[in-house]
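Structural description and commentary
Okay, here's what each chain looks like letter by letter:
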Protein chains: 2
Amino acid sequence: MIAEERRQRVLDLVSTKGFATLADLALEIQVSESTVRRDLEFWHQQGNLRRTHGGAIFVGDGSSFPALEERIDAQLEEKRAIARAAVGRICDGDTVLLDGGTTTLEAARLLLGRSIQVVTNSLPIAALLAGSRETDLVLLGGYIYPKTGVALGPFTVRMMQDLHVHQTLLSVSGLTERGLFNSNLLLVETERAMMRCADEVVLLADHTKVGRPALAFLCEWSEIDLLVIDRKLEDRKKSMLAQTGARLLIAGDLEEFGR
Amino acid sequence: MIAEERRQRVLDLVSTKGFATLADLALEIQVSESTVRRDLEFWHQQGNLRRTHGGAIFVGDGSSFPALEERIDAQLEEKRAIARAAVGRICDGDTVLLDGGTTTLEAARLLLGRSIQVVTNSLPIAALLAGSRETDLVLLGGYIYPKTGVALGPFTVRMMQDLHVHQTLLSVSGLTERGLFNSNLLLVETERAMMRCADEVVLLADHTKVGRPALAFLCEWSEIDLLVIDRKLEDRKKSMLAQTGARLLIAGDLEEFGR
DNA sequence: CAGATAACTATCAAGTTATTTCAATTTATG
DNA sequence: CATAAATTGAAATAACTTGATAGTTATCTG
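In this text the structure is predicted, and so the values were computed from the model without any measurement.

**Topic: the sheet that holds strand 10 (residues 174–175) of chain B**
Residues and elements named next belong to chain B.
- One open sheet holds the three strands; their spatial order is 10-11-13, and the pairing between them is antiparallel. Edge positions in the sheet fall to strand 10 and strand 13 (216–219), since each of these pairs with one other strand and no more.
- By the bridge criterion, two bridges tie strand 10 to strand 11 (residues 180–182) in an arrangement that is antiparallel. Residue pairing for strand 11: Leu175 is matched across the bridge by Leu180.
- Running over the sheet, helix 9 (residues 185–196) touches strand 11 and strand 13 and is turned about 5 degrees from strand 13.

Printed below as a string of structure tokens:
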């Protein structure tokens, strides 16, 4: 096994268990305790874990956002399908604005290496796309909301006054027949600006969000050009959505064949 | 086989497997390990691979910031000392602007958990501090320069017009008796704005940067309030710096006792 | 608090990988 | 075709990684 790989395994083991002893790690990876010590010391220097007597404990590596990590596996397959469907409508050379959220993060993964311009207020998405030579990235600045790592507030809104994009991929925490909702007042203010600077507003939402309102009202259905949703959507909810006049794209109905 | 073709095969093999050892490659392509080493070194220079002991691993286009990774170990101890000295001058409740760079990234690590307000145009620094509840974070938006993951350009500059901070911690790529230099024209433009919105401008630089100019002239010495530098600085260079009228803080002279 | 035990640090030897150097070969150039 | 330049492979030397050991320090237990 190569050193790099072993180091990664050490970090993975410690981070998944939260804590691990030297003996555990040495046994698991089949190397001497000396080597484990050196690897732990390495990660300690990097700031990814903290040494204790006999082992090491994981400290958040800073680049992760708890609110995102928790949700990251919920409806992952559905979110992937939604992202695939939405990204399928984006052409090379387009300019796309990506809102923060796990579904838009999946969309960003699919856009990696594509020759497009991306505008985003999401730190995780920016970190993902920043190194790419093909993708141009414009980051929206502002006050960073620590839970999810998105930029919010007046600075963010003002920066968008001079921007124009083909599409905005929007993320919300709930939607009812009245319209769309999100959990944070500053966030909906920012998202309204995102909608204003786009030719087309595309909402990405999985079926669990339908019928669930949230603290802050974002906008009515007429403001949305397209809703991309997964096919676990129940018929009752589907007809409710139909009544709002929203254009629907059910992810997974056709996209699966296009792979 | 032509050299060009062989090199391409080396890159292809490494990129498809993700990792390959020298022996693997030498056997596969039927050339000596010396040649493989030279090819790997070539791609490493190009930024497509990262060397490890015994082999090489492919670097995904988007995952990280190559320009940062390469430099990350060079003068690490000196940079830590410089960061420690600079951060020692920051009080709780202060507002600090952090420029991009490895030394300022180290400073950010030391600020983690401190109750201060941080403004930055650096994506790595933002990712590090974003999750912290104690530290308020304001991100400067703009066009992201892929090599180092910093926001640059008119958007960034304009956003700073409405900001005011106690300190700016600045990073440069070189400094001579004439003044400070950096490698990118947009970057120096952005850094000038960073200097304008601060009460105090603190320059972080290690000894290797002294006497080295770079493409773009940033400013004269009179614009800098304090230069924090490590103690490996040679006497000849030290006296040169003294002649510029710059206030010097040699890191490691006193800080070591304060641990 | 003392003794026992576990863990840490520093160091070394063995094995592996890098670097440097040089001669042979191939390729380019007049 | 002859010469210069570049490339390649091999060999020697240097540097690094790893596992083991001995002495030291920290933690636990009665």
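**Some words on the protein's contact with DNA strand C**
- The immediate surroundings of DNA strand C are formed by 13 residues, with Leu22, Arg37 and Gly54 of chain A together with Arg37 and Gly54 of chain B found nearest.
- Sugar and phosphate atoms represent 70% of those atoms of DNA strand C found within 4 Å of the protein.
- Secondary-structure elements contributing two or more residues to the surface near DNA strand C are strand 2 (49–52) of chain A together with strand 2 (49–52) of chain B.
- In terms of residue class, the surface near DNA strand C is built from two nonpolar, seven polar and four charged.

**Here we look at the interface of chain B and chain A**
- Listed as interface residues are 35 residues of chain B and, on the opposing side, 32 residues of chain A.
- With both sides pooled, the region where chain B packs onto chain A buries about 2,900 Å², and carbon together with sulfur makes up 61% of that total.
- For the interface between chain B and chain A, the tally reads three salt bridges.
- When the shortest N-O distance is used, the salt bridge between Asp162 of chain B and Arg158 of chain A registers 2.4 Å.
- Along the contact surface separating chain B from chain A lie nine residue pairs in polar contact (both at pLDDT 80 or more).
- Counting residues per element, the ones that place at least two in the side of chain B that touches chain A are strand 2, helix 5 (76–87), helix 7 (123–129), strand 6 (136–139), strand 7 (142–145) and helix 8 (154–160) of chain B.
- In terms of residue class, the side of chain B that touches chain A is built from 18 nonpolar, nine polar and eight charged.

**Considerations on the nonpolar core**
- Counting residues in each nonpolar core, the largest one holds 62 residues, and the members touching the most others are Leu98, Leu169 and Val228 of chain A together with Leu98, Leu169 and Val228 of chain B.
- Beyond its immediate stretch of four places on either side in the chain, Leu98 of chain A contacts Thr104, Ala108, Leu111, Val118, Val119, Thr120, Asn121, Ile125 and Leu169 of chain A.

**Points about the confidence of the model for chain A**
- Residues with a pLDDT of 70 or more make up 92% of chain A, whose mean pLDDT is 91.
- Per-residue pLDDT stays below 50 along residues 255–259 of chain A; that stretch engages in five contacts with residues further than four places along the chain or on separate chains.

**Quick word on the pattern of salt bridges**
- The full count for this structure, using the stated rule, is 28 salt bridges over all chains.
- Here the salt bridges do not stand alone but share partners, grouping Glu77, Arg80, Glu106 and Arg109 of chain A into one network.

**A short note on the environment of Ala23 of chain A**
Residue and element names in this part refer to chain A.
- If you trace the backbone, Ala23 turns up in helix 2 (residues 22–29).
- You can call Ala23 partly exposed: its relative accessible area is 43%.
- Linking Ala23 and Gly54, residues 31 residues apart in sequence, is a C-alpha distance of 8.1 Å.

**Remarks on the packing of helix 1 (residues 3–17) of chain A against helix 3 (residues 33–46) of chain A**
Residue and element names in this part refer to chain A.
- In the contact formed by helix 1 and helix 3, the axes pass within 10 Å of each other and the chain directions differ by 75 degrees. Relative to helix 3, the element helix 1 is oriented roughly perpendicular. For the pair formed by helix 1 and helix 3, the contact residues are Arg6, Arg7, Gln8, Val10, Leu11 and Val14 on the first element and Thr35, Asp39, Leu40, Phe42 and Trp43 on the second.
- The residue inventory of the contact of helix 1 with helix 3, partitioned by class, reads six nonpolar, two polar and three charged.

**Some thoughts on the pairing of strand 14 (residues 226–230) of chain A**
Residues and elements named next belong to chain A.
- With five of its five residues buried, strand 14 lies for the most part within the structure.
- Taken together, the three bridges between strand 12 (residues 198–204) and strand 14 define a ladder with parallel strand orientation. Note that in strand 14 the partner of Leu203 across the bridge is Leu227.
- As paired elements, strand 14 and strand 15 (residues 248–251) share four bridges and run parallel to each other. Counterpart to Val228 in the pairing with strand 15 is Leu249.
- In this view, the connection linking strand 14 to its parallel neighbour strand 15 by way of helix 10 (residues 235–243) has right-handed handedness.

**A closer look at the pairing of strand 2 of chain A**
- Two strands pair when backbone bridges link them, and strand 2 of chain A and strand 3 (residues 55–58) of chain A are joined in this way by four bridges, in the antiparallel orientation. For Leu49 of chain A, the partnering residue across the bridge sits in strand 3 of chain A and is Phe58 of chain A.

**Some remarks on the sheet that holds strand 8 (residues 150–152) of chain A**
- With mixed pairing, nine strands are arranged side by side in an open sheet as 8(A)-7(A)-6(B)-5(B)-4(B)-9(B)-12(B)-14(B)-15(B). The open sheet terminates on both sides in strands that have one partner only, identified here as strand 8 of chain A together with strand 15 (248–251) of chain B. With direction set aside, neighbouring strand axes in the sheet form an average angle of 30 degrees.
- As judged from the two bridges shared by strand 7 (residues 142–145) of chain A and strand 6 of chain B, these two strands associate in the antiparallel manner. Its bridge partner lying in strand 6 of chain B, Tyr143 of chain A is registered against Val138 of chain B.

**Digging into the protein's contact with DNA strand D**
- What surrounds DNA strand D is a group of 16 residues, the closest being Arg6, Thr35 and Arg38 of chain A together with Arg6 and Thr35 of chain B.
- Restricting attention to atoms of DNA strand D within 4 Å of the protein, one finds that 64% of them are sugar or phosphate atoms.
- Between a base nitrogen of DNA strand D and a side-chain N or O atom of Ser34 of chain A, the distance comes to 3.1 Å.
- With respect to DNA strand D, the side chain of His53 of chain B contributes an N or O atom lying 3.2 Å from a sugar or linking oxygen.
- Within the residue set of the surface near DNA strand D, elements represented by two or more residues are helix 1 and helix 3 of chain A together with helix 1 (3–17) and helix 3 (33–46) of chain B.

**Some points on the side chain of Arg80 of chain B**
- Considering the arrangement of structural elements, one finds Arg80 of chain B in helix 5.
- Take Arg80 of chain B: its relative accessible area is 15%, and that puts it in the buried class.
- Those residues in contact with Arg80 of chain B that lie beyond four places of it in its chain are Gln45 of chain A together with Glu106 of chain B.

**Digging into helix 3 of chain B**
Residue and element names in this part refer to chain B.
- Taking 1.5 Å per residue, 14 residues should reach 20 Å; helix 3 reaches 20 Å between its end C-alpha atoms and fits that length.
- The set of residues buried in helix 3 consists of Thr35, Val36, Asp39, Leu40 and Trp43. Across the axial projection of helix 3, the buried residues extend over an arc of 135 degrees, all falling on one side. Away from the buried face of helix 3 by more than 90 degrees, exposed residues Arg38 and Gln45 are located.
- The inward-facing, buried residues of helix 3 contact helix 1, helix 2 (22–29), strand 2 and strand 3 (55–58).

About the thresholds
Residues numbered from 1 in each chain as written. Chains lettered and ligands numbered in written order. Predicted model: local features only at pLDDT ≥ 70, side-chain atom pairs only at ≥ 80, totals over all residues. Heavy atoms only, no water. Pairing = 2+ DSSP bridges. Helix = DSSP H or I, 4+ residues; strand = E, 2+ residues; numbered from the N terminus. Contact = heavy atoms within 4.5 Å. Axes fitted to C-alpha atoms, helices over the stretch in contact; angles between N-to-C directions. Near = heavy atom within 4 Å. Nonpolar A, V, L, I, M, F, W, Y, C, P; charged D, E, K, R; others polar. Buried area = accessible area lost by both parts, 1.4 Å probe. Salt bridge = Lys/Arg side-chain N within 4 Å of Asp/Glu carboxyl O. Polar contact = N/O pair within 3.5 Å; in protein donor to acceptor, adjacent residues only side chain to side chain. Core = buried A, V, L, I, M, F, W, Y, C linked by side-chain atoms within 4.5 Å. Buried < 20%, exposed > 50% of the residue type's maximum accessible area, 1.4 Å probe, protein only. pLDDT = per-residue confidence, 0-100. Parallel < 35°, antiparallel > 145°, perpendicular 65-115°, else oblique. Right-handed = clockwise from strand over helix to strand, strands pointing away. Expected span 1.5 Å × (residues − 1). Arc of directions from axis to C-beta.

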